[in-house]
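Understanding the architecture of this molecule
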Amino acid sequence: MFKTKRFWVSNFGFRASNLQGFKIMGLWYSVSAILLLTFLVVIGIEGMGLVSFFTIFIPYAALFLFVVGFLYRVLKWATSPVPFHIPTVSGQQRSLSWIKADNIDSPYTTGGVVKRLALDILLFRPLLKNEKVEMQAPQRLLFKPSVLLWFGAMAFHWSFLVILLRHLRFFLEPVPSTIVILQRVDSIFQGLIPVIYITDIIILVALGYLFVRRIIYPQVRYISLSSDYFVLLLILGIVLSGVLMRLIYKVDLVQVKEWAMAMLRLRPVAPKEVNLLFYIHLFFISLLVAYFPLSKLMHMPGIFLSPTRNLTNTSRNQRHINPWDYPVKTHTYEEYEEEFRDSMKEVGLPIEKG
Amino acid sequence: MALYDGKKIIPGLIIFLGLVSYPIWHNTVSGKTSYVPKLEIPKDKKECIEPKAYIRVNHKELLEDWRFSVVRSGVRTYQASNQKRYTMSLNRTCMECHRDRTKFCDQCHNYMGVTNKCWDCHLYPKEMEKGAK
Ligand code: HEM
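Rules used in this analysis
Residues numbered from 1 in each chain as written. Chains lettered and ligands numbered in written order. Predicted model: local features only at pLDDT ≥ 70, side-chain atom pairs only at ≥ 80, totals over all residues. Heavy atoms only, no water. Helix = DSSP H or I, 4+ residues; strand = E, 2+ residues; numbered from the N terminus. Rg over C-alpha atoms; globule rule 2.2 N^0.38 Å. Buried < 20%, exposed > 50% of the residue type's maximum accessible area, 1.4 Å probe, protein only. Contact = heavy atoms within 4.5 Å. Areas by Shrake-Rupley, 256 points an atom, 1.4 Å probe, with all protein chains shown as cover. Lys, Arg positive; Asp, Glu negative; His and termini not counted. Charge placed at Lys NZ, Arg CZ, Asp CG, Glu CD. Polar contact = N/O pair within 3.5 Å; in protein donor to acceptor, adjacent residues only side chain to side chain. Pairing = 2+ DSSP bridges. Expected span 1.5 Å × (residues − 1). Bend = angle between axes of the 7 residues up to and from the residue. Buried area = accessible area lost by both parts, 1.4 Å probe. Salt bridge = Lys/Arg side-chain N within 4 Å of Asp/Glu carboxyl O. Nonpolar A, V, L, I, M, F, W, Y, C, P; charged D, E, K, R; others polar. Core = buried A, V, L, I, M, F, W, Y, C linked by side-chain atoms within 4.5 Å.

**Some words on the overall build of chain B**
When its secondary structure is counted, chain B shows 6 helices and 2 strands. For 133 residues, the compact-globule estimate of 2.2 N^0.38 gives 14 Å, and the C-alpha radius of gyration of chain B, at 23 Å, exceeds that figure by more than 25%. Considered along the principal axes of its C-alpha atoms, chain B spans approximately 75 × 35 × 30 Å. Counting the 133 residues in chain B, one finds 32% classified as buried. Partitioning the contacts of chain B with sequence separation of at least 6, the portion at a separation of at least 24 is 55%. About 9200 Å² of surface is accessible on chain B, with carbon and sulfur atoms providing 60% of the total. Computing the positive centroid from 23 side-chain charges and the negative centroid from 14, chain B places the two 2 Å apart.

Next comes the structure, spelled out in structure tokens:
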């Protein structure tokens, strides 16, 4: 596939016409946005010394926007009625006792729904159904399973979770032993002194793949918006600044924790002995968190509220009443006949009641 | 506006709020919201091997270098940035000044959830005194 010249030409958009057709502009918008934001921190901290603004005001404001925005979006979703059972299914519905029903792929009990949702959320099962279509020989279309996206998504989300949990050591006193154990397991491949965590490497590779995927596959590039690139780049910025802080430009972690604890007890003080990378890390996190309720990242609560995933497939076993049903004005045949009996008789139309 | 499925969504949102604010409850219950590590600095000595800002952040790498140097290269003297010379030894140098690790090293390490296995093998003076008694 990679051998042909056409592949390279058409997939990397060297032809001007392709560039337009493939909407690569979104990428450049988000790259510029990220550069601009980085520039903003550098100017703000180095040029204007707005340390308290970036380490106290912005994080608090971001957290506020996150919580309020999150609640607002979810409550707004909750105001939409879901009158019909519309699950997406891919298994045998329950019907006659001698036909084996599939309670996971076509759930008919709450337990089945919970199992299916859990598999979706924890193992990203729907992504395993991905297929890639390939044209072999002139007239043969092949559908092959494609698990690369599943693998990348799993690697990304799980390492993100582990990193977040490990970060709790900055916010909890005493540090729970589960966090300490997690940290040790995550650094198991190093000698006596941990350098970089396994999850750091996994998340970098996964993010790289998820980003490159949007650029090299023409179909995916076609549907990618600048907001898709933006969140990926934002998270990449957070991870890279974090890893650099760990490996090269170190910060005083004890001071960072003292700052975090002061934020939590609402007596904020600016952190000492930290460098520009920490300000970038923190600013990008604040942006991510504040942007969360406005963005596609709301798929996190959204998965729980998806009618196609959280409903039982019982549309034929149970009566589901439309909550917005109102008395509909009807005109039945009996009434019609009553109204036009005379005229009907006159032209000799058959009538039911004498 | 009516809320549909409020019986499930409201508890879900309460769980969300609980998770987001978990650190506050955790620290309030443990009563350590304003805890900071208390370090016992050696009174008779004036300075550490390297400047304070440097040693606080980089002692992990420094010790790793020392160990590598002693165990692999056999070089046992360390020249600090202020040209003073020290023997590269965890027990006999660091712990000679910072005599009780529980009042110094562990203060920070427990605070940051850092565990190190060094003390499985290396001793520190306070521990030896206890053993002698
Ligand atoms: C979206 C949330 C965040 C993500 C994805 C993230 C990611 C990372 C990553 C990948 C690292 C590399 C080292 C490691 O894995 O521990 C790191 C380090 C670091 N992060 Fe974060 N971070 C987040 C939030 C925060 C917050 C809220 C703080 C503020 C306390 C913070 C402070 C730090 C510090 C001080 C380091 C250096 C750690 C070290 O040298 O061991 N991070 N971050």
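Alright, that's what it looks like, and here's the rest.
**Digging into the overall build of chain A**
For chain A, the count of helices and strands is 15 helices and 2 strands. In summary, chain A has a C-alpha radius of gyration of 29 Å against a globular reference of 20 Å for 354 residues, an excess of more than 25%. Referenced to the eigenvectors of the C-alpha coordinate spread, the extents of chain A come out at roughly 100 × 60 × 50 Å. Per-residue burial for chain A yields a buried fraction of 38% across its 354 residues. Of the contacts formed within chain A by residues at least 6 apart in sequence, a portion of 64% connects residues at least 24 apart. Split by element, the accessible area of chain A, about 21400 Å² in all, is 69% carbon and sulfur. In chain A, the 36 positive side-chain charges and the 22 negative ones have mean positions that sit 13 Å from each other.

**Brief notes about the side chain of Asn313 of chain A**
All names here are of chain A. By the secondary structure assignment, Asn313 is in the loop between helix 14 (307-310) and helix 15 (333-347). Residue class for Asn313 comes out buried when judged on its relative accessible area of 10%. Within the structure, the side chain of Asn313 is placed 2.8 Å from the side chain of Ser106, a separation counted as a polar contact. Apart from residues no more than four positions distant in its own chain, Asn313 is found in contact with Pro87, Val89, Gln93, Ser106, Pro107 and Tyr108.

**Observations regarding the pairing of strand 2 (residues 140-145) of chain A**
Residues and elements named next belong to chain A. Here strand 1 (residues 131-136) runs beside strand 2; their pairing, made up of 6 bridges, is antiparallel. Among the inter-strand pairings, Glu131 is bridged to a residue of strand 2, identified as Pro145. What sits between strand 1 and strand 2 in their antiparallel hairpin is a turn of 3 residues, with Ala137 showing a positive phi close to 45°.

**A look at helix 4 (residues 51-78) of chain A**
Over its 28 residues, helix 4 of chain A extends 40 Å from the first C-alpha to the last, a length consistent with the 40 Å expected when each residue adds 1.5 Å. Where helix 4 of chain A bends most, at Ile58 of chain A, the angle is about 30°, and the proline Pro59 of chain A comes one to four residues later. Considering only its buried residues, helix 4 of chain A is in contact with helix 3 (25-47), helix 11 (253-264), helix 12 (276-291) and helix 13 (299-302) of chain A together with helix 1 (6-20) of chain B.

**Topic: the interface of chain B and chain A**
Taken together, the contact pairs 38 residues of chain B with 39 residues of chain A. When chain B packs against chain A, close to 3600 Å² is buried across both sides, 69% of that on carbon and sulfur atoms. Three residues, Tyr4, Tyr111 and Met112 of chain B, lead the burial of chain B against chain A; their summed loss comes to 19% of the area buried on that side. At the boundary of chain B and chain A, one finds 2 salt bridges. Seen at the junction of chain B and chain A, the total is 11 residue pairs in polar contact (both at pLDDT 80 or more). Breaking the side of chain B that touches chain A down by element, the ones donating at least two residues are helix 1, helix 2 (22-30), helix 3 (52-73) and helix 5 (105-112) of chain B. No other element matches the 8 residues that helix 3 of chain B contributes to the side of chain B that touches chain A. Taken together, the residues that form the side of chain B that touches chain A break down as 22 nonpolar, 9 polar and 7 charged.

**Some remarks on the nonpolar core**
Ranked by internal contacts, the top residues of the largest apolar core, which has 62 residues, are Phe70, Phe278 and Phe284 of chain A. Looking at this core, the element that brings in the most residues is helix 10 (residues 226-247) of chain A, giving 11 residues. Residues in contact with Phe284 of chain A, not counting those within four places in the same chain, are Ile34, Leu37, Thr38, Leu234, Gly237 and Ile238 of chain A. Counting residues in each nonpolar core, the second largest holds 16 residues, with Tyr78, Met95, Phe104 and Tyr124 of chain B among its members.

**Some thoughts on helix 5 of chain B**
Most of helix 5 of chain B is tucked away, with 7 of its 8 residues classed as buried. Those residues of helix 5 of chain B not exposed but buried are Cys105, Asp106, Gln107, Cys108, His109, Tyr111 and Met112 of chain B. Buried residues along helix 5 of chain B sit in contact with helix 7 (177-186) and helix 11 of chain A together with helix 3 and helix 4 (90-97) of chain B. Gly113 of chain B sits one or two positions beyond helix 5 of chain B and adopts a positive phi of about 65°.

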